[in-house]
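Next come the chains, spelled out residue by residue.
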Amino acid sequence: KAGAIYLRSYIKTKDVKYYKKSLASIDRALSLQKRRDQNISKKVYLLGIGLQRKIFSLETASDVARKMEALQKRILELNPYDVNTMKNLSVYYSKMGRVDEAQRYLRKAVSTEPNYALGYFLLGKLKFVGREVEEGMFCYKKAYDIYNKYAGRLDLDDYTRTIVDLPDEALDEIGETVSKGG
């Protein structure tokens, strides 16, 4: 929480000392977090939004990108089971045109958490972009099967619910793609 408070102070005042305190607080939170859950990603989320929006006027876009990559990798060092961070790195690498690395992180995410529907969906999208239609269809169908298996179940804990759920846009895209046969 301290990192978020310092970040808000930096946004309001543009005083670099708050920026540095924000980074230090979040780094401390990361070093204390050891459990297999999604809390690490949530602790850096606010800082990530700030970096992605380039509110830190002292830094170039490439500096921002490098810091985001470094933060996400640090999270994975501390919690190698954090599939959300694997997904974040995949999205980052995909936007940078580094599709092989993006796919590698998504494959790692779905092997870590076999019911990670969004991971399969995103991997399918990358496969389609790379013209690997059969693999893309497999991933889309796998994502949809996982989603259907758990849809409507009220007994799921928060972690499982986030893992097996798909956004409406993903469901629409899967439906359209599968009905067209790829």
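Given the structure is predicted, the values throughout are model-derived calculations rather than measurements. (Residues numbered from 1 in each chain as written. Predicted model: local features only at pLDDT ≥ 70, side-chain atom pairs only at ≥ 80, totals over all residues. Heavy atoms only, no water.)

### Considerations on helix α8 (residues 133-150)
When the terminal C-alpha atoms of α8 are compared, their 26 Å separation across 18 residues agrees well with the 26 Å that a helix rising 1.5 Å per residue should span. The complete set of buried residues in α8 reads Gly-136, Met-137, Cys-139, Tyr-140, Ala-143, Ile-146 and Tyr-150. Those residues of α8 that are buried lie in contact with α7 (117-129), α9 (158-164) and α10 (168-180). Just downstream of α8 lies Gly-152, where phi reads positive at about 80°. (Helix = DSSP H or I, 4+ residues; strand = E, 2+ residues; numbered from the N terminus. Expected span 1.5 Å × (residues − 1). Buried < 20%, exposed > 50% of the residue type's maximum accessible area, 1.4 Å probe, protein only. Contact = heavy atoms within 4.5 Å.)

### Looking at the packing of aromatic side chains
Counted by the stated rule, this structure contains 4 aromatic pairs. Between Tyr-93 and Tyr-105, the ring centres sit 5.7 Å apart and the planes meet at 20°, which makes this aromatic pair stacked. Placement of Tyr-93 in helix α5 (residues 83-95) and of Tyr-105 in helix α6 (residues 99-112) is noted, with a sequence separation of 12 residues between them. Both residues of the pair, Tyr-93 and Tyr-105, belong to the buried class. (Phe/Tyr/Trp six-rings, centres within 6.5 Å; stacked < 30°, edge-to-face > 60°.)

### Some remarks on α5
Taking 1.5 Å of rise per residue, the 13 residues of α5 would be expected to cover 18 Å, and the 18 Å separating its terminal C-alpha atoms lies within 8% of that figure. Of all the positions in α5, only Val-83, Thr-85, Met-86, Lys-87, Leu-89, Ser-90, Tyr-92 and Tyr-93 are classed as buried. For α5, the N-terminal capping position is held by Asp-82, with its side-chain oxygen 3.2 Å away from the main-chain nitrogen of Asn-84. Count one or two residues on from α5 and you reach Gly-97, which has phi positive near 80°. (Polar contact = N/O pair within 3.5 Å; in protein donor to acceptor, adjacent residues only side chain to side chain.)

Note that all results are geometric; they support no functional claim without further evidence.
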